[in-house]
Amino acid sequence: MAAAALKGLLRGESGGHRMDRKSSIRRRVFVQTETGCVMGIELDRSDNAHTVKRRLQLALDVPTEECSLFYGDMVLRYDLSAVRNDSPLLLAKNFLHRSASTPCLSPTGKDLQRSDQGGPIEILVCSYSSAGKKKLIKEIVKAMKNGIDPIPVCGGLGGAYYLRNLDGDNVAIVKPTDEEPYAPNNPKGFVGKALGQPGLKRSVRVGETGFREVAAYLLDHDHSANVPFTVLVKITHSIFNVNDGVSINKYHIKKQISKIASLQQFIPHDFDASDHGTSSFPVSAVHRIGILDVRILNTDRHAGNLLVRKLKGTGSLAEVELIPIDHGLCLPESLEDPYFEWIHWPQASIPFSEDELEYIYNLDPDRDSDMLRMELPMIREASRRVLVICTIFLKKAVAFGFCLAEIGEMMSREFRGHEEKPSELELFCIEARHRLDKREVAFEEVKPEDDNQFQFDADSEEEELKCIFNIEENLETKPFWSGRKGGNGHILLSKLEESTEENEEEEGTENGNDSTASRIDKHTDLARNLEPRICKLSTSVKCVHNGEKSWQHLGTWQRTGFLAGTSSGNRSVNEQLPASSSFVKLADMDKEEWDQFLENFQELLVPAFNSRRSASIGHMQRQRLGTSCQF
């Protein structure tokens, strides 16, 4: 009797009577606890956060009084109207900022026995899956029902499993979010944190790399970079790992365990990029993967996650296809030091083709951000802001004629000895934020009846240079600074580029027949017109970057791991995230501040890119002159 009542409660029945399904709008959500336990719940219009927590408490026997439901950045205190159908929610303690020593208990066998009774694989928050992709899911489900079990993947730090079809061929790979490195149910010993806490990268939380795998697929417009089909699922099987005390999976061999996971189509391949020389790889393939990596600020693009497949009918590497995988460490919540394996490949120094320039020109960072907000609301606002900044930077740099290698260098930090310096991209963001903060201080201090006591002259060279050269002193009080070493130190910073392509995008739609070359000329002319307005600032930024001053004072923050000062605004989740390893934090700006920040950012790029291009040309001329004199 009690069991029947519980099943009715989970299905949304109230007072012993089944609700009329046709007369109410029902949604299904998948709630995951900090320890990885997953349960699907059907929602009615009358449901709210409290009723959902009550159901979880009855079904899983877990305390919910001190827990909240999280939906990406949102804390669901009562209303659930913003939650999309088939969305994953996280039930976590109200304070995610716990010490690393806080024990993270895994679900017990009792929890697992009370999982919901959904199908073997259920697709989450998906409005883009084609008929062919759904057919792939059906093949896997059919194979699972016929006893063809997933196969654990031996490599890597996290839990992953090959999914097979009826012929026993690998057709997909699934990565449970609670088996990621540091996650509670990691099968390889890398445990110790709850879902939602900082992970391998402090700006990518435990349990959220799977969301980024799906985001990379969605952002690969027209399948340009060749990212395999990826979708977020709830998958149920007995093979998945659960760490239950000292016994790992010992008593749960026959139990069906539900997981939220990323599912990616398996692409048969011959080897990865680390197994062979890279100089013979197609230029276009390297460029298109690099374009995606720059947009999503990929912090883990190494040769091992670039698969190489020989095209049919060819026995040499002259005809190969590159398949990028493993995008779980892209779209961090703040600017990080990226890792671009391709940055030293000769293909990255070759100019973009007309087709590639057209592809970049048509990229719309705002549209991409809105798409992620709709399709993957679990991707946080700070990560979407990183996407916007990097896409703008890419578009403007390309419009100034810079190649992929130069753009990658500008986004990468300089690492010399034991010192790490911010990248040129970060320097622009630092100055854009500095201008924003100066503007806010001016508005606060200037009063209508006493506005002569303080004057803010943005065009004053003395004041501008003072602000730029004193950035180091300002770091000690700015809330967007943090200091934890984390760069890969694989390149020196050089070259900077830009174009005012964003200002021209509106005009560009009216002149669709213009060639890419003519568009670049337009951007160059516009950049030259804007240059006198902020040329002094461009010089100042260059001085900061190339000057004698160092960032050694950040060592204090690197050792303590916390950020001095607090930021304002409603950031219920972001404030629980410990200090990022990035120099610039983006999460603490409201909409108005963010728009002004982007305006400042784009203004800074124009003269600096012109200056960088001129410096590069002069350097090449000096090199040629020196060589000539030697003969």
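Residues numbered from 1 in each chain as written. Predicted model: local features only at pLDDT ≥ 70, side-chain atom pairs only at ≥ 80, totals over all residues. Heavy atoms only, no water.

## Section: the overall build of the chain
Piece 1. Scanning the chain from terminus to terminus reveals 17 helices and 18 strands.
Piece 2. Here the chain, with 631 residues, has 55% of them falling under the buried criterion.
Piece 3. Across the chain, contacts joining residues at least 24 apart in sequence account for 75% of those joining residues at least 6 apart.
Piece 4. Total accessible area on the chain stands at roughly 28200 Å², and carbon and sulfur atoms take up 51% of it. (Helix = DSSP H or I, 4+ residues; strand = E, 2+ residues; numbered from the N terminus. Buried < 20%, exposed > 50% of the residue type's maximum accessible area, 1.4 Å probe, protein only. Contact = heavy atoms within 4.5 Å. Areas by Shrake-Rupley, 256 points an atom, 1.4 Å probe, with all protein chains shown as cover.)

## Structural notes on empty space enclosed by the protein
Any empty space left between atoms is shown by rolling a water-sized probe over those atoms.
Piece 1. This structure, assessed with the given rule, holds seven cavities of 30 Å³ or more.
Piece 2. Size it by volume and the largest cavity reaches roughly 160 Å³.
Piece 3. Gln32, Leu89, Leu90, Glu208 and Phe211 are the residues nearest the centre of the largest cavity, which is lined by 14 residues in total.
Piece 4. With three residues, the single largest contributor to the lining of the largest cavity is strand 5 (residues 87-93). (1 Å grid on protein atoms, 1.4 Å probe; cavity = no way out; pocket = protein on both sides within 12 Å on 5 of 7 lines; lining within 4 Å. Points joined across faces, edges and corners; volume = space filled by probe spheres on them.)

## Details of the packing of helix 6 (residues 283-296) against helix 10 (residues 404-411)
Piece 1. Axis separation between helix 6 and helix 10 bottoms out at 11 Å; the angle between their running directions is 25 degrees. By the angle class used here, helix 6 and helix 10 are roughly parallel. Of the two possible hands of crossing, helix 6 and helix 10 adopt the one that is left-handed. Mapping the contact onto sequence places Val286, His287, Gly290, Ile291 and Val294 in helix 6 and Leu404, Ile407 and Met411 in helix 10.
Piece 2. Looking at the contact of helix 6 with helix 10, its residues break down into six nonpolar, two polar and no charged. (Axes fitted to C-alpha atoms, helices over the stretch in contact; angles between N-to-C directions. Parallel < 35°, antiparallel > 145°, perpendicular 65-115°, else oblique. Left-handed = near helix turned anticlockwise from the far one by under 90°. Nonpolar A, V, L, I, M, F, W, Y, C, P; charged D, E, K, R; others polar.)

## Concerning the layout of surface pockets
Piece 1. Within this model, the largest pocket holds a volume of roughly 920 Å³.
Piece 2. Along the wall of the largest pocket there are 41 residues; nearest its centre are Gly156, Leu157, Lys175, Glu213 and Asp326.
Piece 3. For the lining of the largest pocket, the secondary-structure elements that each account for two or more residues are strand 9 (170-176), helix 5 (209-219), strand 13 (257-265) and strand 14 (271-272).
Piece 4. Here the residues of the lining of the largest pocket are counted per class, giving 17 nonpolar, 16 polar and eight charged.

## Digging into helix 2 (residues 49-60)
Piece 1. Over its 12 residues, helix 2 extends 16 Å from the first C-alpha to the last, a length consistent with the 16 Å expected when each residue adds 1.5 Å.
Piece 2. Turning to helix 2, its buried residues are Ala49, Val52, Lys53, Arg55, Leu56, Ala59 and Leu60. Mapping the buried residues of helix 2 onto a view down its axis gives an arc of 155 degrees, with all of them on the same face.
Piece 3. At the N-terminal end of helix 2, a side-chain oxygen is found 2.8 Å from the backbone nitrogen of His50, two or three residues along, and the residue is Asn48.
Piece 4. Once helix 2 ends, the next one or two residues include Asp61, with phi positive near 60 degrees. (Expected span 1.5 Å × (residues − 1). Arc of directions from axis to C-beta. Polar contact = N/O pair within 3.5 Å; in protein donor to acceptor, adjacent residues only side chain to side chain.)

## Focus: the nonpolar core
Across soluble globular proteins, you tend to see nonpolar side chains buried next to one another.
Piece 1. Phe393, Ile407, Phe597 and Phe601 are the most contacted members of the largest nonpolar core, which totals 103 residues.
Piece 2. Here this core gets 10 residues from one element, more than from any other, and that element is helix 9 (residues 381-399).
Piece 3. Residue contacts for Phe597: discarding those within four places in its chain leaves Ile389, Cys429, Ala432, Arg433, Leu436, Leu586 and Met589.
Piece 4. The next biggest cluster of nonpolar side chains, apart from the first, holds 20 residues, and it includes Ala49, Cys67, Tyr71 and Leu76. (Core = buried A, V, L, I, M, F, W, Y, C linked by side-chain atoms within 4.5 Å.)

## Re the environment of Glu66
Piece 1. Summarising the element assignment, Glu66 is placed in the loop between helix 2 and strand 3 (67-71).
Piece 2. Residues Glu66 and Asn94, spaced 28 residues apart in sequence, show a C-alpha to C-alpha distance of 6.2 Å.
Piece 3. Residues contacting Glu66, with those up to four places away along its chain left out, are Ala92, Lys93 and Asn94.

## Some details on the confidence of the model for the chain
Piece 1. Mean pLDDT for the chain: 74, with 64% of residues reaching 70 or above.
Piece 2. Long-range and interchain partners of residues 96-115, a stretch whose pLDDT sits below 50, account for 50 contacts in this model, where long-range means more than four residues apart. (pLDDT = per-residue confidence, 0-100.)

## Topic: helix 6
Piece 1. Taking 1.5 Å of rise per residue, 14 residues should cover 20 Å, and helix 6 covers 20 Å from first to last C-alpha, within 8% of that figure.
Piece 2. Counted residue by residue, helix 6 has 11 buried out of 14 residues, so it is predominantly covered.
Piece 3. Of all the positions in helix 6, only Ala285, Val286, His287, Ile289, Gly290, Ile291, Leu292, Asp293, Val294, Arg295 and Ile296 are classed as buried.
Piece 4. Leu297, located one to two residues past helix 6, shows a positive phi value of around 50 degrees.

## With respect to the pairing of strand 10 (residues 230-237)
Piece 1. Within strand 10, eight of the eight residues are buried, leaving the element largely enclosed by the surrounding structure.
Piece 2. With burial as the criterion, each face of strand 10 is covered, one bearing Thr230, Leu232, Lys234 and Thr236 and the other bearing Val231, Val233, Ile235 and His237.
Piece 3. Sheet topology places strand 6 (residues 121-123) next to strand 10; three bridges connect them, and they run antiparallel. Its bridge partner lying in strand 10, Ile123 is registered against Val233. (Pairing = 2+ DSSP bridges.)

## Description of the packing of aromatic side chains
Piece 1. According to the stated counting rule, one finds 11 aromatic pairs in the structure shown.
Piece 2. A ring pair is formed by Phe402 and Phe609, whose centres lie 6.0 Å apart and whose planes are at 70 degrees; its orientation type is edge-to-face. You can see Phe402 sitting in the loop between helix 9 and helix 10 and its partner Phe609 sitting in helix 17 (residues 591-630), a full 207 residues away along the chain. Across the pair, exposure class does not vary: Phe402 and Phe609 are buried alike.
Piece 3. Through a chain of ring-to-ring contacts, the aromatic side chains of Phe393, Phe400, Phe402, Phe428 and Phe609 assemble into a single cluster.
Piece 4. Here Arg288 stacks its cationic end above the ring of Tyr359, 6.0 Å away from the centre of that ring.
Piece 5. The residue whose ring lies beneath Lys395 is Tyr361, and the NZ or CZ to ring-centre distance is 5.7 Å. (Phe/Tyr/Trp six-rings, centres within 6.5 Å; stacked < 30°, edge-to-face > 60°. Lys NZ or Arg CZ within 6 Å of the ring centre and 35° of its normal.)

## Points about the packing of helix 6 against helix 7 (residues 354-361)
Piece 1. Helix 7 packs onto helix 6 with a crossing angle of 20 degrees between their chain directions and a minimal axis gap of 11 Å. Classified by the angle between their axes, helix 6 and helix 7 sit roughly parallel to one another. Helix 7 is crossed by helix 6, and the crossing has right-handed handedness. Side by side, helix 6 and helix 7 meet where Ser284, His287, Arg288, Ile291 and Arg295 of the first sit next to Asp355, Glu356, Tyr359 and Ile360 of the second.
Piece 2. Across the contact of helix 6 with helix 7, the residue classes break down as three nonpolar, two polar and four charged.

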